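# Structural description and commentary
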2 protein chains.
Amino acid sequence: MMSTAPRRAGRPKRSVLDRDLIVRTAFDVLRRTGPEDFTMAALAGELGVKTPALYHHVGNKTEVLSSMRELITSGIDHSGFGTLPWLDATRRWARSYRTAFAAHPHAIALLATTPVTGANPTLSMYEAVTQGFLDEGWPEELVVSAIVSLESFILGSALDAVAPADIFDTGDFAEQVPVFTQALAVRERFLGREDDASYATAVADQAFDLGLEAFLAGLSASLERLRNRPGDATAAR
Amino acid sequence: MMSTAPRRAGRPKRSVLDRDLIVRTAFDVLRRTGPEDFTMAALAGELGVKTPALYHHVGNKTEVLSSMRELITSGIDHSGFGTLPWLDATRRWARSYRTAFAAHPHAIALLATTPVTGANPTLSMYEAVTQGFLDEGWPEELVVSAIVSLESFILGSALDAVAPADIFDTGDFAEQVPVFTQALAVRERFLGREDDASYATAVADQAFDLGLEAFLAGLSASLERLRNRPGDATAAR
DNA sequence: ACCTGAACACCGTTCAAGT
DNA sequence: ACCTGAACACCGTTCAAGT
């Protein structure tokens, strides 16, 4: 990339980098290299600069990663809360949440570790979702856990979407695990297999769809039971 | 550790290392250092040897990691399948699955990426779980997805269990997200907070318990509907 | 202010030399 | 066979020197 003549040292007449360009380019590099080989040198190379140039615009590598995180999160659609019925709003949110992260699977592990602080899209999302759950009648002391448990499923599913098509390769040991091997074969026949990439997607989608509907139905039922409990003691506030 | 006198070069009279010792020690080091600083040098240091000594017993770092993975997986209890009702067997499996990985949270990201091959405890687990789901009546073309979706929730939850107690720190921006901030406060009052570590555990447990029961109830309901569908066309085989 | 070039303290891994 | 010591090709990051 950027195969113009090499730049000499010294400040260029027109600056080549800015923070936004770095972050956007980071996604291309991460997708191509995977998390293992996602290095500051690779990022700089794609941008046509030397590695140290990056440090004029970002403090360190972690800062690049959390900027990426915010960009991903800002693509999650929580617009259903306040306009659609809870179930539909939650389903829409969950789907777009998983899609947002599945598009950048290598960034998933980030979410669990980097704290959510500051006036960012992530906090805004939680505000909207919490309000939506409360409106539906979720008790205030459980609402965060309900959201977090759904997130766990979503992120786990996004993680699953990263898995290679042949993650379950019983190979030479098929005879030792015949039931599992057979189930894998039936699934493959059922979903149809063209190429590895589309099959991996189909497989992950089937698990996500099945799980999401079950989870949402289960949450609805739990809420119904909470609503009807005698002498409700959790009506906080 | 191992603060005996430094060893001179050359083969020691009695060998100091073996593969099993390396893997067991790896858990101690990983727990203490976190995944970031989990280096071959740190592992060697804990074992009282120089780094290259490890390569007489393991091929590379990845091999150490996947050995750890197998050790974790072998601790997952799938004994309920075939002996207990499906719901109880699945609950027991899910709980022990999450516990096994929550005990080694830094190893979670491994599972999603490293393929499952060979005659290992992991394949045996899938065999038992698949059989258990089939016995309950899950259609063969959906059984793997049902298991995988549950696993997604479990692994996502284990990932959540890694999160620091203050992962949601609205901090200076509490006024901008009042509903979410209030919900966090009510949860804290409800669960009680002694120290950060135990609070983080309590918080993660609440979300997991709530989610697991909802998910299992939802899966049961889905299965019931699948069982009753008219002119059942999925009785594969 | 914003780039390069050189340097620093790491990393995982290889391999000859020692016993 | 199994350890050390030295080396190699990397990493992220710092900083002086150039424009």
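Look up a bit, the structure's there.
Residues numbered from 1 in each chain as written. Chains lettered and ligands numbered in written order. Predicted model: local features only at pLDDT ≥ 70, side-chain atom pairs only at ≥ 80, totals over all residues. Heavy atoms only, no water.

### A few points about the protein's contact with DNA strand C
Our working definition: The near set for a molecule or strand comprises every residue that places at least one heavy atom within 4 Å of it. We call two N or O atoms a polar contact when they sit within 3.5 Å, provided that within protein one can donate a hydrogen and the other can accept it, with sequence-adjacent residues counted only if both atoms are side-chain atoms. Residues are grouped as follows: Ala, Val, Leu, Ile, Met, Phe, Trp, Tyr, Cys and Pro are nonpolar; Asp, Glu, Lys and Arg are charged; every other residue, Gly included, is polar.
Neighbouring residues of DNA strand C: 27 residues in total, closest Arg11 and His56 of chain A together with Gly10, Arg11 and Tyr55 of chain B. In DNA strand C, atoms within 4 Å of the protein come from the sugar-phosphate backbone in 62% of cases. In the environment of DNA strand C, a phosphate oxygen lies 3.3 Å from a nitrogen or oxygen atom belonging to the backbone of Leu17 of chain A. Interatomic distance of 2.8 Å between a backbone N/O atom of Lys50 of chain A and a phosphate oxygen of DNA strand C. By residue class, the composition of the surface near DNA strand C is 12 nonpolar, eight polar and seven charged.

### Details of the interface of chain A and chain B
Which entries qualify depends on this criterion: Here, residues are in contact when the closest pair of their heavy atoms is within 4.5 Å. Buried surface area refers to the total accessible area, computed with a probe of radius 1.4 Å, that the two partners give up upon joining, counted for both partners together. We define a salt bridge as a side-chain nitrogen of Lys or Arg found within 4 Å of a carboxyl oxygen belonging to Asp or Glu. Strands are runs of DSSP state E lasting at least two residues, helices are runs of H or I lasting at least four, and both sets are numbered from the N terminus onward.
Contact with chain A, which involves 63 residues of that partner, is made by 63 residues of chain B. Of the roughly 5,300 Å² buried at the junction of chain A and chain B (both faces included), carbon and sulfur atoms supply 74%. Linking chain A to chain B there are zero salt bridges. Our count for the chain A to chain B interface comes out at eight residue pairs in polar contact (both at pLDDT 80 or more). Sorting the residues of the side of chain A that touches chain B by element identifies helix H5 (108–113), helix H6 (121–136), helix H7 (143–162), helix H8 (178–191) and helix H9 (196–227) of chain A as the ones contributing at least two each. Counting residues per element, the side of chain A that touches chain B draws most heavily on H7 of chain A, at 13 residues. Of the residues contributing to the side of chain A that touches chain B, the split by class is 36 nonpolar, 19 polar and eight charged.

### A short note on the protein's contact with DNA strand D
The environment of DNA strand D is made up of 27 residues, and the closest members are Gly10, Arg11 and Tyr55 of chain A together with Arg11 and His56 of chain B. For DNA strand D, the fraction of protein-proximal atoms (within 4 Å) that sit in sugar or phosphate groups is 60%. Here Arg11 of chain A contributes a backbone N or O atom positioned 2.3 Å from a base nitrogen of DNA strand D. In this structure, a phosphate oxygen belonging to DNA strand D sits 2.8 Å away from a main-chain N or O atom of Lys50 of chain B.

Fair warning: the whole summary comes from geometry, so function is off the table for now.
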